[in-house]
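Residues per chain, in single letters:
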Amino acid sequence: MSTHTAVKQGSFLAEVIEATPGGEQLVHCLQCGSCGGSCPSSADMEYTPRTLIAMINAGERDAVLAANTMWACVSCYSCTTRCPQNIPITDIMYTLKRMAIAEGRYSKTDAPAMAKTFTDFVEMFGRSYEVGLAIGYHAFKRWKPIELMKMGPMGIKMLFRRRMAFMPSRIRQIDQLRAIIKKAKELSAAEQEAAKAQHQPAHAAH
Amino acid sequence: MKYAYYPGCSAECNAVAYEVSVREVADLLGIKLQTIDDWNCCGATEYFSQDELTACAVIARNLALVEPQLQQLVAPCAACYLNLKKTDRLMAEHPEIGMKVNECLAAGGLKYQPGRVQVRHMLDVIVDDIGETAVRDKVVHPLKGLRLAPYYGCQVVRPIESGDSTEYPMKMDRLLSWLGAEVVDYPAKAHCCGGHMTQISEAQAFELIRRLLYSAQEAQADIIACMCPMCQLNMDGYQGRVNSYFGTDYRLPIIYFTQILGLAFGIEPKKLGFGKELVAAMPVLKAKMNDQLVASLR
Amino acid sequence: MAEKIGIYVCHCGSNIAGTVDCEEVARWAGQNIKDVVVSKDYKFMCSSLGQQMIEDDIKQYGLTGVVVGACSPHLHEKTFRAACKRAGLNPFLCQMTNLREHVSWVNADKAAGTLKAKSLISAAAERVKHQLPLEPMKVKVNPATLVVGGGIAGLQATLELADAGYHVYLVEREPSIGGHMAQFDKTFPTLDCSACILTPKMSEVGQHENVTMMTYSELEEVSGSVGNFKVKIRKKARFVNYDKCTGCGICVEKCPKKVVDDVFEAGMGYRKSIYTPFPQAVPRVPVIDTANCTWFTKGKCQVCSKVCPTNAVEYDQKDEIVEIEVGNIIMATGWKLFDSKRIPQYNYGRLPNVYTNLEFERLCNAAGPTNGKIVCRDGTEPKRIAIVHCVGSRDTDTNPYCSSVCCMAALKFGHLVLEKTKAEVFSFYIDLRTPMKDYEEFYQRLLAEGMRFVRGKVSEITDAARDPSEKGRIIVQAEDTLLGKQRRIPVDMVILMGAMEPQADAKELGLKCGISCSMAGWYTERHPKLDPVATMTDGIFVAGVCQGPKDIPASVAQGAAAAARISGMITKGEVLIEPIVASIDEEHCSGCRICNTMCPYNAIEYDEEKGVSRVISALCKGCGTCVAACPAGVITGAHFNNEQIFAEIDGILWDAKPQAAIEATA
């Protein structure tokens, strides 16, 4: 990922571009609103994706990472395919989610809890585990057992039709998967350290 | 024709109707599916929200496990399909990502050469590789009179094109028309079902589901044909809750396109996973179908 | 004779001096390049003081060659050659090397830039020592001109030249001249009726004694060069005798076959299969559309022939190739409309009341299919209309450029709707561009008239209603970017402001006359600012939208400008042609004729009697293809001979390893 030469080093824009494959297109944003107009979740967002890009350009790092925009994203990719400037907007939403999680900036969403519960099970069994996810996420991570209750009737129907299993499915070579994940996390951590060092001065200025 | 096959976690339980119907239909059409040995979860969208490299590495393990003599990998689930395809693309187009992913795979004694495996969706395989003539040949119960709304969802049509429009795809429309069904012009066919938002923000997800149901009902569809377990779960599993949330009374069965294909091919409905859906399809089928088919449903 | 070379390094203000140490380059050249007797740097070498300095040095030192390191030869080669000529030095003994576009503008490192500048100066100096004095050739200019395209730009050019007393051949592909402007209802910002201001020009052209009009005709082949082009034109069979036809129109009236008119009526109306595109067509002579004519498709009918009072219908007519000779050519080939189906989320073609801008022009045109009534397909008057900007413009998936006229055309449409109906009008724009005279005032007028503006590119146009209130209407969905909110506005009609695109065969046509296209497909002008109607090929000019999107006033201005350039050449009577041409050493030519077929300009003839090939200097462009192709190596390119090129290479490699060292390692 090469940062566009015109982008000021150390800026939040440079940081987002560097963390997103294809992110260099961000500098071409026309603020046309194709993304915000396409987004099926736009009504639930504090800022439309277009506004968020304007904020990234303006260096409003704190406000961007605290926004709920990326958490309302449903990954439908309409914004990405319609963007007249080929900006990978959905992927930028993922970048912002990762930044917000890494720095614990999110507050108005349960999505990170959901993500964590989901991937914890993957790391435990190698497969996702729906019953575990429902209980673990709604009752414990999210601390909203009431949500679990609401799902009750549907859950019973699903159970009745054998569309839910109490026991998780497991892969054989879980150790292999875990070794791969461990390595990936190590490499990512090292990369984040390096990026932090590079962008530190800009943050201090805020 | 032989393909590597990635069932995806939902195939084991929630989307078992999809899984069994895919296998039945594939058998009948001469599509040999070789399941990847010891495949793991693709991480859905959840790893990408946390760490891109881990997301890619977890997915790439599956690509690396595809048997060397197979070049094509079929995934029936839209999310799995996109994850597998996107990871392959990322590795190929951004060599630095490719190298890092392979460094991770090496920790598990694996290796993947980007571009080696071509990722396909089941719909593409049936429409593009098997084709109209072969499909029409297999139809024993034409679905005359059945009004079907083809629902594509998002991640098979976007962002990576697979020979169809990203806005108004037509592949499933064509396939269903080969079965003799009446395919309704369903303008919401590539709009979003809400994805995992049913778990995070119900109000947001329910509204998206409601729009799809409303639009299908306006088009006077009997059944919505879908091609992704998440879409099916959202529209079928949550249909009751959407009704109570909005005070509506939708009763639209949400059926996998492979189940419908199997029906037209004369495969016994039980073998196709009919009955697993929460909004039952049988009453609609019995009311709408021609006598010959109805007889076969008993 | 000992060579005496002068070196002149230009700073171009800070354009070159910013990244090249010009003083150092001049000092180095003076001390290190053999035969250099004077070497100077100067802030602006192209200024009269700079030129004077060169002239004085030529006289004072008796220079035998001059090297100028400055900008591109495209800009100032003429300037410096003229300076040399004034001082008595043959202009072809002046060599320019580009230290700006090739060094300073593409490089940020001053040390590296300085080094590269030295190499280029060295190369030019070594080359100029081997250059030979040359004399330009004079060619007479044929006073006739060919104008390709009978739209407003071509019509203007035609009239300017014809009124000046020169003959013009006007070639138009369609059965009538007039172009897109003939389809329009009103013109912005003055709201003149388009036909009212266009048709007088059309009939003037049609009746002008100096104009030979060839409609329903296409450019087939161009040969020759400035001053003397030979052009073949295909006159397509009309199946109606041009001379016998009186234009009474009875054949059209009686023809039983109705066809959807996809060209003039943009698919909104019908014509017959024998037709003139519109009532004021020039000429009035109809054509038969053989693809739809019952006689041609089924061998029955012949009604047109039966009713024709002058027996002008000729079913056995064939295409005809006409050869003409002209001194200059103006390409005014116009544009085509973007295919809105390429943006599937706008549902053009699927939703019947989504129109293109051209369709809407016909819809509100008093002479159009609805007599100017703005109605939906079912005949009802729309209550609300959305106008969507940038459809196929400013979009990397379709066309990255701005089509420049759509904002104003959208305002015009807004006005017409508000004037003729009770409908509300919404304009969805990204940026409203109103830069020309009285355009911003027109925008202000529309604000006052109540046109509503939403800043946001339309994301989708759909019939996917979300609730009963949206049922049966067209929903235009966009982010109102000034609010930061998504809006869904139900409307009854949508107008897509489709982009202007180059003609499908623009590139092919350009190749025929030796001009090139930009990335987007528009014809490339010689200089974007200072020479906007000439091209890199002498004698070929461009006017109107084929050179880039523009509106009617700009097209008219370009048509007139191209005509003025040509008038000047005709008045002068002759043009100078660069003597940079190939020549064949007839003594050693084997007559293999390889060069004959390779020459892209057909400039090599074969002398059957002597069995040798010969270059026709007036046609040769000095491209060098034959020089490289000749198996015997007996063709020489003047100003680009082997000696000159090898000297240039030696010069550029001044700091490379000595020859001996290379041989030692080999």
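Every chain's residues receive numbers from 1 upward, in the order its sequence appears when written. Chain A is the first chain written and ligand 1 is the first ligand written, with later ones labelled in order. With the structure being a predicted model, the display of local features is reserved for residues of pLDDT at least 70 and the display and counting of side-chain atom pairs for 80 or more, all residues being used for whole-chain, interface and lining totals.

Student: Could you give an account of the overall build of chain C, with specific residues and numbers?
Tutor: Looking only at helices and strands, chain C has 18 helices and 34 strands in total. In terms of overall dimensions, chain C has a C-alpha envelope of 90 × 70 × 50 Å along the principal axes. Residue burial is a threshold on neighbouring C-beta atoms within 10 Å of the residue's own C-beta, all placed from the backbone, with 20 or more meaning buried, 12 or fewer meaning exposed, and counts in between meaning partly exposed. Looking at chain C as a whole, 47% of its 666 residues are labelled buried. For helices the rule is a DSSP run of H or I covering at least 4 residues; for strands it is a run of E covering at least 2, with both sets numbered from the N terminus onward.

Student: Account for the overall build of chain B, with residues named and values stated.
Tutor: Secondary structure assignment for chain B yields 13 helices and eight strands. The globule rule puts the C-alpha radius of gyration for 298 residues at 19 Å, and the 19 Å found for chain B is close to it. With the C-alpha coordinates aligned to their principal axes, the bounding extent of chain B is approximately 60 × 45 × 30 Å. Every one of the 298 residues in chain B was classed for burial, and the buried ones make up 64%. Sequence separation of 24 or more characterises 79% of the internal contacts of chain B that already satisfy a separation of 6 or more. Here the radius of gyration uses the C-alpha set of atoms, whereas the globule reference equals 2.2 Å times the residue count to the power 0.38. Placing a C-beta atom from the backbone of each residue, one calls two residues in contact when those atoms lie within 7 Å.

Student: Break down the confidence of the model for chain C for me, citing the residues and quoting the values.
Tutor: pLDDT measures the predictor's confidence residue by residue and takes values from 0 up to 100. Here chain C averages 95 in pLDDT, and 98% of its residues register 70 or above. With pTM at 0.89, the complex prediction returns an ipTM value of 0.93.

Student: Any details on the sheet that holds strand β2 (residues 32-35) of chain B? Residues and values, ideally.
Tutor: Residue and element names in this part refer to chain B. For two strands to be treated as a pair, DSSP must find no fewer than two bridges joining them. Reading across from one edge, β2-β1-β3-β4 is the order of the four strands in this open sheet, with parallel pairing throughout. Of all strands in the sheet, those with a lone pairing partner are β2 and β4 (118-121), marking the two edges. With strand direction ignored, the average angle separating the axes of adjacent strands in the sheet is 40°. Sheet topology places strand β3 (residues 72-75) next to β4; four bridges connect them, and they run parallel. By the bridge assignment, A75 is partnered in β4 with H121. All axes are obtained by fitting lines to C-alpha atoms, using only the stretch in contact for helices, and the reported angles, taken between N-to-C directions, cover 0 to 180 degrees.

Student: Give a detailed account of helix α11 (residues 257-264) of chain B, specifying residues and quantitative values.
Tutor: All names here are of chain B. The buried fraction of α11 amounts to eight of the eight residues, a majority that puts the element mostly inside the structure. Every buried residue of α11 is accounted for by F257, T258, Q259, I260, L261, G262, L263 and A264. Contacts made by the buried residues of α11 are with α1 (16-29), α5 (122-138), β5 (147-150), α6 (171-178), β7 (223-226) and β8 (254-256).

Student: Go over the interface of chain A and chain B with me, naming the residues and quoting the values.
Tutor: Counting residues at the interface gives 53 residues for chain A and 53 residues for chain B. Within the residue set of the side of chain A that touches chain B, elements represented by two or more residues are α6 (78-82), α7 (89-102), α8 (111-125), α9 (130-141), α11 (152-160) and α12 (174-205) of chain A. At eleven residues, the largest contribution of residues to the side of chain A that touches chain B is made by α12 of chain A. Residues belonging to the side of chain A that touches chain B are distributed by class as follows: 26 nonpolar, 14 polar and 13 charged. Only Asp, Glu, Lys and Arg are considered charged in this grouping, and only Ala, Val, Leu, Ile, Met, Phe, Trp, Tyr, Cys and Pro are considered nonpolar; every other residue, Gly among them, is considered polar.

Student: Pulling in residues and values, what's your account of the interface of chain B and chain C?
Tutor: Chain B puts ten residues into the contact, and the matching count from chain C is eight residues. Broken down by class, the residue content of the side of chain B that touches chain C amounts to four nonpolar, three polar and three charged.

Student: Which residues make up helix α4 (residues 95-107) of chain B, and what are the values?
Tutor: Residue and element names in this part refer to chain B. One less than the residue count of a helix, multiplied by 1.5 Å, gives the span that helix is expected to have. For α4, with 13 residues, the first-to-last C-alpha span of 19 Å sits near the 18 Å given by 1.5 Å per residue. Those residues of α4 lying buried are I97, G98, K100, V101, C104 and L105. Projected down its long axis, α4 carries its buried residues within an arc of 170°, all on one side. What points out from α4, more than 90 degrees from its buried face, is the exposed set P95, E96 and M99. Just past α4, the residue G109 takes up positive phi, approximately 75°. Throughout, the arc means the angular range of directions from the helix axis out to the C-beta atoms.

Student: Mind laying out the sheet that holds β7 of chain B, listing which residues take part and the relevant values?
Tutor: All names here are of chain B. The four strands are arranged β6-β5-β7-β8 in an open sheet whose pairing can be described as parallel. A strand with exactly one partner marks an edge of an open sheet, and here the two such strands are β6 (182-183) and β8. Running over the sheet, helix α9 (residues 229-237) touches β7 and β8 and is turned about 155° from β8. Sitting on the sheet, α11 is in contact with β5, β7 and β8, with an inclination near 75° to β8.

Student: Account for the environment of D163 of chain C, naming residues and giving values.
Tutor: All names here are of chain C. By the element assignment, D163 lies in helix α5 (residues 152-163). Since 13 C-beta atoms lie within 10 Å of it, D163 is described here as partly exposed. Residues D163 and N210 lie 47 residues apart in sequence; the distance between their C-alpha atoms is 7.8 Å.

Student: Lay out the nonpolar core in plain terms, naming residues and giving numbers.
Tutor: Within soluble globular proteins, side chains that are nonpolar tend to cluster in buried spots. With 281 residues, the main nonpolar core has A57, L148, I224 and A225 of chain B together with I387, V476 and V494 of chain C as its most contacted residues. The residues contacting I387 of chain C, other than those within four sequence positions of it, are A410, F413, G414, V425, F426, S427, F428, I495 and M497 of chain C. The term nonpolar core refers to a group of buried residues, namely Ala, Val, Leu, Ile, Met, Phe, Trp, Tyr and Cys, whose C-beta atoms join them within 7 Å. The next biggest cluster of nonpolar side chains, apart from the first, holds 42 residues, and it includes C22, V25, V67 and A124 of chain C.

Student: Lay out the pairing of β5 of chain B in plain terms, naming residues and giving numbers.
Tutor: All names here are of chain B. Here two bridges tie β5 to β6, and the two strands are oriented parallel to one another. The residue of β6 that forms the bridge with L148 is V183. Look down the strands so they point away from you; if going from the first strand over the helix to the second traces a clockwise path, that crossover is right-handed. Where the polypeptide runs from β5 across α6 and back to β6, its parallel neighbour, the crossover connection is right-handed. Here β5 runs beside β7; their pairing, made up of three bridges, is parallel. Looking at the pairing, L148 lines up with I223 of β7.

Student: Quick one: what's the story with the packing of α5 of chain B against α6 of chain B, residue by residue and with numbers?
Tutor: All names here are of chain B. Axis separation between α5 and α6 bottoms out at 10 Å; the angle between their running directions is 25°. Put simply, α5 runs roughly parallel to α6. Here α5 and α6 pass one another in a crossing that is left-handed. On α6, the residues that touch L123, I126, V127, E132, V135 and R136 of α5 are K171, M172, R174, L175 and W178. By the definition adopted for this analysis, an angle is roughly parallel if under 35 degrees, roughly antiparallel if over 145, roughly perpendicular if from 65 to 115, and oblique otherwise. Handedness of a crossing is defined here by the sense of rotation of the near helix relative to the far one, left-handed for an anticlockwise turn of less than a right angle and right-handed for a clockwise turn.

Student: Now, about unusual backbone geometry: what can you tell me, with residues and values included?
Tutor: For residues other than glycine, phi is negative in most cases, and the peptide bonds are mostly trans. The linkage connecting R158 of chain B with the following residue, P159 of chain B, adopts the cis geometry, with an omega of -5°. Its place among the elements puts P159 of chain B in the loop between β5 and α6. Even without glycine at this site, L191 of chain C takes up a positive phi of about 65°. Within the secondary structure, L191 of chain C sits in the loop between β8 (186-187) and β9 (192-193). If you check the backbone angles, F239 of chain C has positive phi at about 70° while not being a glycine. Tracing the sequence through the fold places F239 of chain C in the loop between β12 (228-235) and α7 (250-254). On the basis of neighbour counts, which here come to 23 C-beta atoms within 10 Å, the residue F239 of chain C falls in the buried class.

Student: Summarise the environment of I156 of chain A; cite the residues concerned and give the values.
Tutor: Residue and element names in this part refer to chain A. Along the polypeptide, I156 turns up in helix α11. Under the C-beta neighbour-count criterion, I156 is labelled exposed, with 11 such atoms within 10 Å. Between the C-alpha atoms of I156 and F121, which are 35 residues apart in sequence, the distance is 22 Å.

Student: Go over the environment of Y112 of chain B with me, naming the residues and quoting the values.
Tutor: All names here are of chain B. With respect to the helices and strands, the residue Y112 is situated in the loop between α4 and β4. Judged by the 23 C-beta atoms lying within 10 Å of it, Y112 falls in the buried class. C-alpha separation for the pair Y112 and D88, spaced 24 residues apart in sequence, amounts to 9.1 Å. Beyond its immediate chain neighbours, meaning those up to four positions away, Y112 contacts A60, L63, A64, N102 and L105.

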